[in-house]
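# Geometric and topological summary
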Protein chains: 4
Amino acid sequence: MSDQTTATDTSWLSPEALEQVRAQVPLVYVDAVPVRVDPLGNVTKVGLLLRQAADGTISRMVVTGRVLFGERVRDALVRHCEKDLGPLALPRIPVDPSPFTVVEYFPDPDRSGFHDPRHHAVSLAYVVPVDGECTPTQQALDLAWFTPEEAVSPAVRDQMTGGHDRLIRLALAHVGQLP
Amino acid sequence: MSDQTTATDTSWLSPEALEQVRAQVPLVYVDAVPVRVDPLGNVTKVGLLLRQAADGTISRMVVTGRVLFGERVRDALVRHCEKDLGPLALPRIPVDPSPFTVVEYFPDPDRSGFHDPRHHAVSLAYVVPVDGECTPTQQALDLAWFTPEEAVSPAVRDQMTGGHDRLIRLALAHVGQLP
Amino acid sequence: MSDQTTATDTSWLSPEALEQVRAQVPLVYVDAVPVRVDPLGNVTKVGLLLRQAADGTISRMVVTGRVLFGERVRDALVRHCEKDLGPLALPRIPVDPSPFTVVEYFPDPDRSGFHDPRHHAVSLAYVVPVDGECTPTQQALDLAWFTPEEAVSPAVRDQMTGGHDRLIRLALAHVGQLP
Amino acid sequence: MSDQTTATDTSWLSPEALEQVRAQVPLVYVDAVPVRVDPLGNVTKVGLLLRQAADGTISRMVVTGRVLFGERVRDALVRHCEKDLGPLALPRIPVDPSPFTVVEYFPDPDRSGFHDPRHHAVSLAYVVPVDGECTPTQQALDLAWFTPEEAVSPAVRDQMTGGHDRLIRLALAHVGQLP
């Protein structure tokens, strides 16, 4: 059960090839909800990126991205957390491989309530505590931390699209912190 | 949030197209472990199909199959249970969308311990109680029910390939019935 | 691993003895959120009892009750569902012994957000699909079924006390149906 | 939702009072399986204490203990981890309040397969990654770390009583590392 990721090197697709695949099968995604926790394991803050969403808007959103051919889910989680939160975030990848929920993104916004105009993606969603310093890197304009109350407030919900506001509520419910 | 599956009608790929996609991205799968339960919810029996496995052997295995483009995970679960267990099985699809584990099948048998020579698949695994009459249909030679003790015995484990014996142990642990 | 419940016969405590124990240790409880599901496992309705709550008010609430000395958690779940929903409810006790959340009821309403003036109780909370006919029996004035949208509406939330409205939101999030 | 534990100060019972309560209601317990993890969240080692078990034998076992009156489950988890692993263990208490399984210990060893001659306890079981240095303190003779393969080997299983060997297998299955 080796975890080296060398086998994934050949998995980068050309934009054209990816476009074609997207019309044929659902893609495997991971969603990571970054959180700050206290020493008792209580979630105290939720981290939300400000970046261009799949629908073109500038939105608040969680860490999200594709699992590559040959890549373990855990490797994809670490890779996307590092890509979006920076190399010093120190994400604590959960020991349990089971996601807290499965998010089904469809081109049709009414199909599941989760929407991605580009494709059908089945995303494994995890809550990921991060202890280190987060510096939004690639493509993200900003990363801000919100209390559970703030994260579900109308002001923050209005900044999210594609169902990410609902994903935040599901994540907070999972950790027992939904207000 | 409609659940009609009409959008999936166009998702059947030609064998050639599927072959090409398989070399480029991980596929989304579902695995269903059919079980019999008593009125208290205790798992009393595990159902194992006898059929040709992905590696060509005739093996004992669980219900497994691909999620199609445009298809909800729940629809895929019902479709594959009906395909393998017959139309009268009455599967009780779990209310929780989160699988009890995520099984990563790789062409390389040493990558995760779960093996499929055809492709890389990320499979959402569920325990599915079935109340009705099961009549293995398409492609399956037989369906047999085993107690938890029998299901993890060397005699039955030796009839499974690709890691399905381990999947059975994970499923039984999840329901508290691993001997 | 026998499941006969004969050993629990001696576990009924006099009101005085229970009163004394309540001041000394947390009690083990189970909470069951009764739901109706469609054939795909989607929760379509949530059942809420109308009865006298622990704080004396007439409130909407879920099935709840104590685990007795010598009693299995599954037996307690069935017993309380039958007591509150009637003998024909046909509850489907989950196969997974793990609750979807743990509810900590304290005499101090600010301690966890879940409140019971009588005692400190640690309650294992389950979502329980019921297929049969429900006839509220002992102590309950009424049982009504609400859609997920209705169940989290202000009108219904205002009829709940002790944190039961929050428990409903956590249950709906768990099954992916929190609006 | 304050988490101060001052309210638990009065919850220490005299041995006589505890003895009396034990014969009347199930007690609330927590079990913590200490693990070492790699940066991807894979469990690499399981920690097992060597100490006098409830049945009087010197056995390998996990961290376990009672939840006090007025105490939050998270506080009890931290308290027992510190008591058994020392003040520098740095346990990462899970963000999800739901245990991976519920262990029902009975005086009758055949009732559930989990045995405690002293009482009926309902224990919430968690996998707890520990990053820091562990120095077994109170009552424990030793703490040793085992790979998943070693932890389920006959040699180690024979050193466990009361069902703790089975609990280890359930924990390893939960994290996808059951051999």
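To keep things clear, this report deals only with the structure shown in the data block. (Residues numbered from 1 in each chain as written. Chains lettered and ligands numbered in written order. Predicted model: local features only at pLDDT ≥ 70, side-chain atom pairs only at ≥ 80, totals over all residues.)

Turning our attention to the relation of the copies chain A and chain B. Laying chain A over chain B is done by rotating through 180° and shifting 0.0 Å along the axis; what remains is an RMSD of 0.0 Å. Such a combination of rotation and displacement between the chain copies is what one expects of a two-fold axis. Interface residue correspondence from chain A to chain B reaches 100%, placing this contact among same-surface, isologous pairings. (Least-squares fit on C-alpha atoms with pLDDT ≥ 70 in both. Contact = placed C-beta atoms within 7 Å.)

Helices that pack against each other are described as a pair by the angle of their axes relative to one another and the distance between those axes. Where helix α5 (residues 164–174) of chain A contacts helix α5 (residues 164–174) of chain C, the two axes come as close as 9 Å, and the packing angle between them is 115°. Between α5 of chain A and α5 of chain C, the angle falls in the class roughly perpendicular. Where α5 of chain A crosses over α5 of chain C, the two elements pack in a sense that is left-handed. Along the contact surface, α5 of chain A presents Arg169, Leu170, Ala173 and His174 of chain A, while α5 of chain C presents Arg169, Leu170, Ala173 and His174 of chain C. When its residues are assigned to classes, the contact of α5 of chain A with α5 of chain C shows four nonpolar, two polar and two charged. (Axes fitted to C-alpha atoms, helices over the stretch in contact; angles between N-to-C directions. Helix = DSSP H or I, 4+ residues; strand = E, 2+ residues; numbered from the N terminus. Parallel < 35°, antiparallel > 145°, perpendicular 65-115°, else oblique. Left-handed = near helix turned anticlockwise from the far one by under 90°. Nonpolar A, V, L, I, M, F, W, Y, C, P; charged D, E, K, R; others polar.)

Opposite the seven residues of chain A that make contact, chain C presents seven residues. The element best represented in the side of chain A that touches chain C is α5 of chain A, accounting for four residues. Partitioned by chemical class, the residues of the side of chain A that touches chain C number three nonpolar, three polar and one charged.

Our focus in this paragraph is the relation of the copies chain A and chain C. When chain A is brought onto chain C, the operation consists of a screw motion whose angular component is 180° and whose axial shift is 0.0 Å, with 0.0 Å RMSD remaining. Comparing contact sets, 100% of the residues at the interface of chain A also lie at the interface in chain C, consistent with an isologous, same-surface contact.

Here the phi dihedral of Leu90 of chain C falls at roughly 55°; this positive angle occurs in a residue that is not glycine. Tracing the chain through its elements places Leu90 of chain C in the loop between α2 (73–85) and β5 (101–105).

Our next topic: the interface of chain A and chain B. Many analyses report the size of an interface as the accessible area lost when the parts associate. Opposite the 31 residues of chain A that make contact, chain B presents 31 residues. Looking at which element gives the most residues to the side of chain A that touches chain B, the answer is strand β5 (residues 101–105) of chain A, with three residues. For the side of chain A that touches chain B, the class distribution of residues is 18 nonpolar, eight polar and five charged.

The values reported here are purely geometric and, on their own, carry no functional implication.
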